[in-house]
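Residue-level structure breakdown
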Amino acid sequence: MNHILLLFGLYFIQGLPYGVQTGFLPVYLRSKGISLASVGAFKLLLLPWFLKGLWAPLVDRFASKASWLRGSVAAMFVTCLFISCIHPDDTAVLCALLFLFNLFSATQDVAVDGLAIQLLDGAELGAGNTAQVVGYKSGAVMASGLTAVEQTLGWTGVFAALAAVYFAALLVLQGRVKDGECTSPDGQTKGDKSARDDYKGHQSALRNVHAEVMNTEGTVWVAVFVLIYKLGEQGAVSLFPLFLLDGGTSAVEVSFWSGVLGLPRYA
């Protein structure tokens, strides 16, 4: 159970950047008079999440999952410190730092998924998947509610608090995750190579399932429909909080109702 909690915590901090980018930042920027088009353009900074498959093989082949994990968390800690020290009006620097924030977070995602393969046995996959989904969404929801923190502590306080969270996570990782292997609560260890061998053993079965699904009549059309539906849904969900803000609702109220209570937006 302890390593389920560890995974929950890692997926929680992994969800923070998404919540910052989709919940906190749009409301903050719009409340400062930034145009809707400019606010929408900030979503392009999430690009590393779509491209993480390009460097995922590097995470798998070079160094250990523990090294990548500690490195990415340390990088997010430093990035948050830098963001806390700049003025949000410095758009170019802010965009560069947020892009790095997403890049390091996407890399952490790859490393955590590999870590989960090492830690979990077959009987724990359900609990592990729950830790992944609930942890990630909890982090995203909490980050969306940072508008209330910003009202009290300001821009610097928000990202200093995030930096403190990543620093705490780094301390936990130092004690719980070792290079080349991961320690489970019963003291057993499982190395990177062993986990890779287990994963490769399932690749053939996964390819067969994928081929069967894609060969099923109507699969492509259903996939296109879902894609179009999700694009429209995400567009509406993203703009609705900004319309509320323009209509006179306070930033804290918008953040609470849309970001914290609006959990379905992270589905």
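Refer to the preceding data block for the structure.
Residues numbered from 1 in each chain as written. Predicted model: local features only at pLDDT ≥ 70, side-chain atom pairs only at ≥ 80, totals over all residues. Heavy atoms only, no water.

Things to note about the side chain of Thr-107
With respect to the secondary-structure elements, Thr-107 resides in helix H6 (residues 91-119). Polar contacts involving the side chain of Thr-107 include one to the side chain of Trp-55, which spans 3.1 Å. Not counting residues within four places of it along the chain, the set of residues in contact with Thr-107 comprises Trp-55, Val-59 and Trp-68. (Helix = DSSP H or I, 4+ residues; strand = E, 2+ residues; numbered from the N terminus. Polar contact = N/O pair within 3.5 Å; in protein donor to acceptor, adjacent residues only side chain to side chain. Contact = heavy atoms within 4.5 Å.)

Side note on a nonpolar patch on the surface
On the surface, Val-209, Val-213, Met-214, Val-220, Trp-221, Val-224 and Ile-228 cluster together into a nonpolar patch covering about 710 Å² of accessible area. If you list the elements that add at least two residues to the nonpolar patch, you get helix H9 (192-215) and helix H10 (219-246). By residue number, the principal contributor to the nonpolar patch is H10, which donates 4 residues. Inspection of the secondary structure assignment puts Val-224 in helix H10. (Patch = residues over 30% accessible without salt bridge, like charges linked within 9 Å, V, L, I, M, F, W, Y side chains within 5 Å. Areas by Shrake-Rupley, 256 points an atom, 1.4 Å probe, with all protein chains shown as cover. Salt bridge = Lys/Arg side-chain N within 4 Å of Asp/Glu carboxyl O.)

Some details on the packing of helix H5 (residues 65-85) against H6
At a minimum axis distance of 8 Å, the contact between H5 and H6 shows a crossing angle of 155 degrees. When the axis of H5 is compared with that of H6, the two are roughly antiparallel. Considering only the axes of H5 and H6, their crossing is left-handed. Classifying every residue of the contact of H5 with H6 by side-chain character gives 16 nonpolar, 7 polar and 1 charged. (Axes fitted to C-alpha atoms, helices over the stretch in contact; angles between N-to-C directions. Parallel < 35°, antiparallel > 145°, perpendicular 65-115°, else oblique. Left-handed = near helix turned anticlockwise from the far one by under 90°. Nonpolar A, V, L, I, M, F, W, Y, C, P; charged D, E, K, R; others polar.)

Description of the pattern of salt bridges
Applying the stated criterion across every chain yields a total of 1 salt bridge. One salt bridge in this structure joins Lys-52 and Asp-109, with 2.0 Å as the shortest N-O distance. A residue pair is termed long-range when its members are at least 10 positions apart, and Lys-52 in the loop between helix H3 (47-51) and helix H4 (56-61) and Asp-109 in helix H6 qualify at 57 residues. For Lys-52, a relative accessible area of 23% puts it in the partly exposed group. Exposure remark for Asp-109: the relative accessible area of 5% places this residue in the buried category. (Buried < 20%, exposed > 50% of the residue type's maximum accessible area, 1.4 Å probe, protein only.)

So, the packing of aromatic side chains
The full count for this structure, using the stated rule, is 9 aromatic pairs. Look at Tyr-18 and Tyr-136: their rings are 6.2 Å apart centre to centre, the planes differ by 40 degrees, and that puts the pair in the tilted class. Of this pair, Tyr-18 sits in helix H1 (residues 2-31) while Tyr-136 is found in helix H7 (residues 125-144), placing the two residues 118 residues apart along the sequence. Ring geometry for Trp-155 and Phe-159: centres 4.8 Å apart, planes at 45 degrees, overall tilted. With Trp-155 and Phe-159 both in helix H8 (residues 146-176), this residue pair falls 4 residues apart, about one helical turn. Across the pair, exposure class does not vary: Trp-155 and Phe-159 are buried alike. Here the aromatic cluster, defined as three or more aromatic residues joined through ring pairs, consists of Phe-24, Tyr-28, Trp-155 and Phe-159. (Phe/Tyr/Trp six-rings, centres within 6.5 Å; stacked < 30°, edge-to-face > 60°.)

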